[in-house]
Structures are given as C-alpha cells and as structure tokens.
Amino acid sequence: MAQDPIISTSWLKDHLDAPDVVIIDSSWYLPAMERDAKTEYSQEHIPGALFMDIDAVSDQNSPLPHMMPDPHMFSSQMRKMGIGDGQTIVVYDGMGIFSAARVWWMFRAFGVKSVFVLDGGLPAWKEEGYPVSGEVPARMERHFTAILNNDMVRSLNEVQDALETSSHLVLDARAPERFKGLAPEPRESVRAGHMPGALNLPFGLLLNDGKLRSKEDLQNIFAQAGVDASTPVITSCGSGVTAAVINLALVQAGFTKNALYDGSWTEWGSSSKTEVISEPA
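The text that follows walks through the structure, step by step, so that each part is easy to find. (Residues numbered from 1 in each chain as written. Predicted model: local features only at pLDDT ≥ 70, side-chain atom pairs only at ≥ 80, totals over all residues. Heavy atoms only, no water.)

1. Points about the sheet that holds strand E11 (residues 233–236)
Argument step 1. Pairing is parallel across the open sheet formed by five strands, whose spatial order is E6-E12-E11-E7-E8. Either end of the sheet is taken by a strand with one partner, and the two such strands are strand E6 (153–154) and strand E8 (199–200).
Argument step 2. The pairing of strand E7 (residues 169–172) with E11 spans four bridges and is classified as parallel. Residue pairing in the sheet places Asp172 in a bridge with Ser236 of E11. (Pairing = 2+ DSSP bridges. Helix = DSSP H or I, 4+ residues; strand = E, 2+ residues; numbered from the N terminus.)

2. Concerning helix H4 (residues 99–109)
Argument step 1. Across the 11 residues of H4, 10 count as buried, placing the element largely inside the fold.
Argument step 2. Listed in full, the buried residues belonging to H4 are Ser99, Ala100, Ala101, Arg102, Val103, Trp104, Trp105, Met106, Phe107 and Ala109.
Argument step 3. Note on H4: the residue one or two positions beyond its end, Gly111, has a positive phi of about 95 degrees. (Buried < 20%, exposed > 50% of the residue type's maximum accessible area, 1.4 Å probe, protein only.)

3. Things to note about the sheet that holds strand E4 (residues 88–92)
Argument step 1. Pairing is parallel across the open sheet formed by five strands, whose spatial order is E1-E5-E4-E2-E3. On the outer flanks of this sheet lie strand E1 (6–7) and strand E3 (50–51), each paired with one strand and no other.

4. Some remarks on the pairing of E7
Argument step 1. Burial along E7 is two-sided: the face carrying Leu169 and Leu171 and the face carrying Val170 and Asp172 are both buried.
Argument step 2. Strand direction decides the pairing type here: E7 and E8, joined by two bridges, are parallel. Considered in E8, the bridge of Asp172 is made with Asn200.

In structure tokens, the structure reads:
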C-alpha cells in the first residue's frame, strides 16, 4: 500500500478477515440526494464494516454541520465502536469517493497514519461481485488515542489571513455555479458566491467513475490550478465534506502541505465578518 491513501477492492477482499483491519462505512448524503445512509448500511455493507455517522461524531455544540469534535470525544466514540490504536482503517462510502474522504481526513487529523479510502467505494466493490452483508458486527471496546494535528485544520480567521497574505492557495471544491454565486446555497442564510482570492476546483474533476484519477492526471490538474511542491493548500467546500476529496487527491498526487477549512462555505457565507464575491451571469 506504500504511501498511497487509497486501496483497491482486490486488496480489501484479500484482507477482509485480517484481525488488524477495520472497515468503516462512512456514507453520508446531501438532503437533495434523498438517500438514507444508515438504512442502506443496515440492508447491505461490506462484511464486517462498522457504520460511522459524521453528524454524530462531531462537535455537538457547534451551530455548523458535522464540525470536528475534540480529541476526547473522538477517542471515546472510536473506543465504543471497537476501533483501537495500531489498526489499519479502511473507509468507504456508497457514492464511490465522497464522504469517505472526510472520515479519512478526520482520522489523519487525529494522528492515525494507517488509514485508507477504498477506491470506488461500495459501488466498485459490488461491481466486482464481492460479497455484502446486512449483519452488524459486534466488537469489543478498544483503546484509541486521538491527538489533533492542528496543521491540518483551518479556522475562519486563519483562512482570512491566508487569503489576505497570499500565503496559501485556497481551493473550493463546490460546483462552478455555486462558486460563482449563480446558484442558491442549499442552506438558509448562507450567501451565494466565493471567498476573494479562492480558486474553484470542483471535486468531481478529480474523479473518474467514482474512483480517483491517476497520479499523473491529478498532478496535471493541480499544476493547472497552480499547485506545486512548495505551495501550501487550504481546501474548502459547502460544509467540509467534499473539500476532503481534494485533500485526498493532493496526497495521492504527492502534495503533503494541505489543510482543510472545517467551517467551509456554510460558515464563511453566513458570517457578517467575511467578504463574498459573486460573478454576473
């Protein structure tokens, strides 16, 4: 697996029963998708997979959706799920690569190095003809230690400073229409548009049929966006989910200087302290 942040369906099939491998179904859907992640998990999932709800494993005191919890809460939740220190964690979702990237990033931010995203997710797994199950696994509690790497998370003030000083490249993963302010935001009281100085890199450009594009393709896409080995990147999106797809792709392409703006556009677009740029139709 080397340093790649993704693994193949064939690798996971071969390690399905490995005692040190933990599989997590991290599916999450936007309301407009009209899908229920937990119900779908109860009906079919990769055998042995646990379900992780990013809204439940989040800062419950924040008005913003699925924000990062503190290390103590994250550790407690992982222990209860039966996830322990030193295990290899494989996350997937029902879209291919979507919310799994967010959970991968969360584990990485909390100090877990051996965490990977299943390339193509559940759709690719099923397409290969591999088994699914409706059985919810029972696991014993394990000891889990979360230590937050603050370099991987950015606040609103830090993003403002980064844009004002041009110290970082800020990449917005939302669709072009939302970035330009030509489409309404899905959340109430959130202005349409983008941050001054941010660049638009829709996360879908990094994928092909639910899988990450080749390293060469990713490197070319990032080069066109102005990313090089010396460029620190901050990613953003609507609420911190698809921004992580860019972080995943950056690591796969060999770029390690990247962080994620947790509040993303939901925070920026609803704040009275921020400037919003919209483009004419």
